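Chain by chain, the residues:
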Amino acid sequence: MATSFKKTSVVIPKILKEKITPDGVYWKNLETPITVKEYGAITDVDFCQVKPHNFAVSNSMRVQIYSSEYCQLNSTISRFKDVVYSGTYRADGKLLVAGTEDKYIKLFNPGTRSLLRTFMGHTGPVHVTKFLQDQFRVISGSDDKTVRVWDIPTEKEVHIYQEHQDYIRCGVASQSSQDLFLTGAYDHTVKLWDARTPSSVLTVSHGSPVESVLMFPNGGIFFSAGGNVVKVWDALAGGKLLATLSNHHKTVTSLCFCSNYERLMSASLDKHIKVYDVSTYQVVHTLSYSGPILSHAVSPDDQLLVVGMADKMLSIQKRKQEAEEKRKVSKPNKNLKLRGHAHHARTFVPSKTDLIVNVRKRELLAPYDRHLKSFNHSKALDSALEIRTRKNTPEVGVSVMQELIRRGHIRNALSGRDDKSLYSVLQFIRKNISNPQFMTTLLDVFNLILDIYGLSALMNSGPLVSLLVKIKEVVNTEVKLMTSVQEIMGSLDLLFTVAENHTLSIPSHSSADQNGETVDHMEVEDSFKTVSPAECSVLAAIGSLSNVSANCMVKT
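So, a few notes on the structure that sits alongside this text. (Residues numbered from 1 in each chain as written. Predicted model: local features only at pLDDT ≥ 70, side-chain atom pairs only at ≥ 80, totals over all residues. Heavy atoms only, no water.)

### Some points on the environment of V83
Then step 1. The topology assignment puts V83 in the loop between β5 (73-77) and β6 (84-89).
Then step 2. Once residues lying within four places of it in the same chain are set aside, the contact partners of V83 are S60, M61, G99, T100 and E101. (Helix = DSSP H or I, 4+ residues; strand = E, 2+ residues; numbered from the N terminus. Contact = heavy atoms within 4.5 Å.)

Laid out in structure tokens, this is it:
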């Protein structure tokens, strides 16, 4: 009995696909974002903890109150004379506090938009305003380098802390204590305060100007964001550094929790939001936006994601409602009359004693496989290079060429062709020769065509001349790119070899030392003059690497 014909195995190029994860599915289950153009850069977004979870958006000289149910503007608080910052709800949603560029702190009723209190005392713009957990005190941080605690009923200062050495730009109140709160400043430090004491109880150094801080509800672990890193600290262990998350390439500006405190989100000026698993601190998903992100927040029920950007754009995304999956059970139509034995065939169930004979279905072959089965090698190649096939699935043409090479009939398939059929082969080679997975096979076929027909004969045909010139240009471009890659690999090898033996120490760019004294720039310049020869080799390698990389990018 003759064996069945073996189909041509088509080599499909490997395409890197995004790995499907539960977090990826969860965060992709968001509706198309609603984009709103605000009056200025959106400095803060805060959700009310009480349903229906409306959210406040601070921008320009107003605080906008949006409905989370309809994603529309409900009301506007505009009783400000300068830029407003940090519009924050109280836990019960009945009060809202905000700081201003003109040094005031204002307390409002978000329902009636009426001004209830004005706290005066800061000598610089107020960027931080938060309610303590007791709901009767407000903390504030200002560019005057002071942190203040205010009593709402008496409208007076309770404490003034002056330990920060630079602008205070972020803060958060603890949910586990009525007196604990965090602040972060541009002096690279994060301080933990207790409103019952006259000074801070814990200080950690982030290493960069701190843009955002966040604390778990139990108060044991907190986060600081500054530069392009997020750091995790253990407050109970005296400020021990637990992890450093370096997944952004620009300044991280905002932090928030989501998914019932099981996920951490960080937003950055690089237009991305990273979602971390708080148990491993690994990135589980990434969201991309059109502009640099200054603030973002997720509603307490995880149904709404609001992102504020530096280009005045506000993105509002609502989670899709999980519709109940209704299985459509096809019921037979009683009015449909079946002819012959069709009705019995659909309802017949074989018994255990019946002998069932499996009928082999006829195997359908592709056109090129039918020609290969009949040893029509030239027609098989033509069939694989049809216009529709070579555009949508070029791997089929390459696989047929490889099969002809394996059989030893590639020369016969290419010989005796006129200009039209030869043009289609050369056109296919020109379009796909730059693909690394096809390059080897197509180069062998192209060299065989030159060997069969001769370059002089090919140059006599008008259409083929322009095609040969284009193939030459593609090959020259690929050769140049490969040469550049080899130069980069050589520079990298040199860089790694030198770096294994010597460590390059670069002076800090900070303008002040740990004692707060100004660093002399002449000393910095002198320190660069004392670089060792090995360090000079590293710098030279880095310079050559950057030049080669730039040239390679230009050529690409």
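### Some details on the pairing of strand β24 (residues 272-277)
Then step 1. Counting buried positions over the six residues of β24 gives five, a clear majority of the element.
Then step 2. Looking at chain direction, strand β23 (residues 263-268) and β24 are connected through five bridges and run antiparallel. When the bridges of β24 are listed, R263 appears paired with D277.
Then step 3. Linking β23 to β24, which pair antiparallel, is a turn of three residues; within it K271 sits at a positive phi near 75 degrees. (Buried < 20%, exposed > 50% of the residue type's maximum accessible area, 1.4 Å probe, protein only. Pairing = 2+ DSSP bridges.)

### A closer look at the nonpolar core
Then step 1. Of all hydrophobic cores here, the largest spans 34 residues; its most connected members are L414, L426, I429, L442 and I449.
Then step 2. Residue assignment for this core shows that the elements contributing at least two residues are α3 (367-373), α4 (377-384), α6 (394-407), α7 (410-414), α8 (419-432), α9 (436-453) and α11 (462-501).
Then step 3. By residue number, the principal contributor to this core is α9, which donates seven residues.
Then step 4. Residues L30, C258, Y289 and M313 belong to the second largest nonpolar core, which totals 16 residues. (Core = buried A, V, L, I, M, F, W, Y, C linked by side-chain atoms within 4.5 Å.)

### Points about the side chain of S299
Then step 1. Along the chain, S299 falls in the loop between β26 (293-298) and β27 (304-309).
Then step 2. For S299, a relative accessible area of 4% translates into the label buried.
Then step 3. A polar contact of 3.0 Å, which involves the side chain of S299, links it to the backbone nitrogen of Q303.
Then step 4. Apart from the residues within four sequence positions on either side, S299 is in contact with F47 and L304. (Polar contact = N/O pair within 3.5 Å; in protein donor to acceptor, adjacent residues only side chain to side chain.)

### What to know about the packing of α8 against α11
When two helices pack together, their arrangement is given by the angle between the helix axes and the distance between those axes.
Then step 1. At their nearest, the axes of α8 and α11 sit 10 Å apart, and the two run at 15 degrees to each other. One element, α8, and the other, α11, form an angle in the roughly parallel class. Helix-helix and strand crossings are classified by hand; for α8 and α11 the assignment is left-handed. Residues D419, L422, Y423, L426, Q427 and R430 of α8 lie in contact with α11, whose contacting residues are P463, L464, L467, L468, K470 and I471.
Then step 2. Residue composition of the contact of α8 with α11, grouped by class: eight nonpolar, one polar and three charged. (Axes fitted to C-alpha atoms, helices over the stretch in contact; angles between N-to-C directions. Parallel < 35°, antiparallel > 145°, perpendicular 65-115°, else oblique. Left-handed = near helix turned anticlockwise from the far one by under 90°. Nonpolar A, V, L, I, M, F, W, Y, C, P; charged D, E, K, R; others polar.)

### Looking at α4
Then step 1. Within α4, burial applies to H377, A380, L381, S383 and A384. Looking straight down α4, one finds its buried side chains confined to an arc of 160 degrees; they lie on one side. (Arc of directions from axis to C-beta.)

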